[in-house]
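Chain by chain, the residues run as shown.
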Amino acid sequence: DGGITQSPKYLFRKEGQNVTLSCEQNLNHDAMYWYRQDPGQGLRLIYYSQIVNDFQKGDIAEGYSVSREKKESFPLTVTSAQKNPTAFYLCASSPQGGNQPQHFGDGTRLSIL
Amino acid sequence: GQQLNQSPQSMFIQEGEDVSMNCTSSSIFNTWLWYKQEPGEGPVLLIALYKAGELTSNGRLTAQFGITRKDSFLNISASIPSDVGIYFCAGRLSGGAGNMLTFGGGTRLMVKP
């Protein structure tokens with residue numbers, strides 16, 4: 001089935017540690033996105049990529065990094081510089097151009113040990 | 001980044017009742033999307049609207065793209081327990097870059113059997 005796969009479902013981070021969240025899609029979408037969701041709140045954009053080997057900062061990029069070496073993959077690294085990383089992280093993808101909706105993965109919940 | 005004003009923030013209704021929620025903005029949007037998110041999962045697209053005044057249904061769900069292009073409404077008729085979840089509106093700004101979306105803060109719907 002075509003879709004967006006995020007892993008792991010749950011992740012724990014120790015103080016001072018970098019962790020990487022995986023996002024893979026087999027929808028042949030050009031654009032991919034990372035959002036952060038805090039309890040009771042909407043989605044805030046961390047980073048997005050409209051094409052391979054290119055990505056842009058979103059509204060809350062500080063403390064995060066991404067790469068887009070393959071069309072199918074858009075991993076997000078939560079660095080030790082992100083002082084409040086506990087949140088639900090959502091990856092999305094969409095075709096580039098036009099008014100195509102974004103489609104979401106099932107999320108990764110990150111917690112601090 | 002800009003957020004849409006989504007209301008109400010939460011609703012607790014009796015099974016069988018109709019539900020209405022809306023999103024408003026001071027900016028003009030050229031696309032409105034409505035998503036539903038269940039606990040621990042990613043948002044799932046319910047309805048997409050592309051034209052001012054457009055009224056679209058998906059089963060018991062009906063959404064409208066406001067004529068001013070600054071708002072959108074979602075109605076759920078004859079609610080059932082499986083309607084429980086968080087409903088998000090999302091809009092694409094007129095003249096905005098690529099497929100970037102702005103999200104509302106969500107409406108948490110609870111249905112009493």
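Structure: above.
About the cut-offs
- Residues numbered from 1 in each chain as written.
- Chains lettered and ligands numbered in written order.
- Predicted model: local features only at pLDDT ≥ 70, side-chain atom pairs only at ≥ 80, totals over all residues.
- Heavy atoms only, no water.
- Helix = DSSP H or I, 4+ residues; strand = E, 2+ residues; numbered from the N terminus.
- Contact = heavy atoms within 4.5 Å.
- Polar contact = N/O pair within 3.5 Å; in protein donor to acceptor, adjacent residues only side chain to side chain.
- Core = buried A, V, L, I, M, F, W, Y, C linked by side-chain atoms within 4.5 Å.
- Buried < 20%, exposed > 50% of the residue type's maximum accessible area, 1.4 Å probe, protein only.
- Pairing = 2+ DSSP bridges.
- Phe/Tyr/Trp six-rings, centres within 6.5 Å; stacked < 30°, edge-to-face > 60°.
- Lys NZ or Arg CZ within 6 Å of the ring centre and 35° of its normal.
- Buried area = accessible area lost by both parts, 1.4 Å probe.
- Salt bridge = Lys/Arg side-chain N within 4 Å of Asp/Glu carboxyl O.
- Axes fitted to C-alpha atoms, helices over the stretch in contact; angles between N-to-C directions.

## What to know about the environment of A:Thr77
All names here are of chain A.
Point 1. Tracing the sequence through the fold places Thr77 in strand 8 (residues 76-78).
Point 2. Put simply, Thr77 and Thr20 are 57 residues apart on the chain and 4.2 Å apart in space, counted from C-alpha to C-alpha.
Point 3. Other than its neighbours up to four places away in sequence, Thr77 contacts Asn18, Val19, Thr20, Gly63, Tyr64 and Ser65.
Point 4. Of the polar contacts made by the side chain of Thr77, one reaches the side chain of Thr20; its length is 3.0 Å.

## Overview of the nonpolar core
Side chains of a nonpolar character, in soluble globular proteins, are inclined to be buried together.
Residues and elements named next belong to chain B.
Point 1. By size, the foremost hydrophobic cluster in this structure holds 21 residues, and its most contacted members are Trp32, Trp34, Leu74 and Leu109.
Point 2. Elements with a minimum of two residues in this core: strand 2 (10-14), strand 3 (19-24), strand 4 (29-37), strand 5 (44-49), strand 7 (61-65), strand 8 (71-76), strand 9 (85-93) and strand 11 (107-112).
Point 3. With residues near it in sequence (within four places) discarded, Leu109 still touches Met11, Ile13, Val19, Ile76, Asp83, Val84, Gly85 and Tyr87.

## Notes on the pairing of strand 11 of chain B
Residue and element names in this part refer to chain B.
Point 1. By the alternation rule, side chains of strand 11 split into Thr107, Leu109 and Val111, which are all buried, and Arg108, Met110 and Lys112, of which none is buried.
Point 2. One ladder, built from three bridges, connects strand 9 with strand 11; its direction is antiparallel. Bridged to Tyr87 within strand 11 is Thr107.

## Concerning the packing of aromatic side chains
When we look at a pair of aromatic rings, we describe it by the centre distance and by the angle of the planes.
Point 1. Evaluated as defined, the whole model comprises nine aromatic pairs over all chains.
Point 2. Ring plane angle 45° and centroid distance 5.7 Å describe the contact between A:Tyr35 and A:Phe104, whose orientation is recorded as tilted. Taken together, the residues A:Tyr35 in strand 4 (residues 31-37) and A:Phe104 in strand 10 (residues 103-104) connect sequence positions 69 residues apart. Considered together, A:Tyr35 and A:Phe104 belong to a single accessibility category, that of buried residues.
Point 3. Ring pairs connect the aromatic residues A:Tyr33, A:Tyr35, A:Phe104, B:Tyr35 and B:Phe103, which therefore count as one cluster.
Point 4. The ring of A:Phe74 has A:Arg68 sitting right over it, with the charged end atom 6.0 Å from the ring centre.

## A short note on the interface of chain B and chain A
The extent of an interface is frequently quoted as the accessible surface area lost upon association of the parts.
Point 1. Taken together, the contact between chain B and chain A spans 23 residues of the former and 28 residues of the latter.
Point 2. Roughly 1,800 Å² of surface becomes buried between chain B and chain A when both sides are summed, with 52% attributable to carbon and sulfur atoms.
Point 3. Contact with chain A buries surface across chain B, with B:Asn99, B:Met100 and B:Phe103 losing the most and accounting together for 29% of the total.
Point 4. Scanning the region where chain B abuts chain A turns up zero salt bridges.

## As for the sheet that holds strand 7 (residues 64-66) of chain A
All names here are of chain A.
Point 1. Spatially, the four strands line up as an open sheet ordered 1-3-8-7, and their pairing is antiparallel. Of all strands in the sheet, those with a lone pairing partner are strand 1 (4-7) and strand 7, marking the two edges. Pairwise comparison of adjacent strand axes, ignoring direction, gives a mean angle of 20° for this sheet.
Point 2. Two strands pair when backbone bridges link them, and strand 3 (residues 19-25) and strand 8 are joined in this way by three bridges, in the antiparallel orientation. Bridged to Leu21 within strand 8 is Leu76.

## Overview of the pattern of salt bridges
Point 1. Applying the stated criterion across every chain yields a total of five salt bridges over all chains.
Point 2. In this structure, the salt-bridge partner of A:Asp38 is A:Arg36, at a minimum N-O distance of 3.0 Å. The same class applies to A:Asp38 and to A:Arg36, which are both buried.
Point 3. The shortest N-O distance in the salt bridge between B:Glu38 and B:Lys36 comes to 3.2 Å.
Point 4. Owing to a relative accessible area of 34%, B:Glu38 belongs among the partly exposed residues under this scheme.

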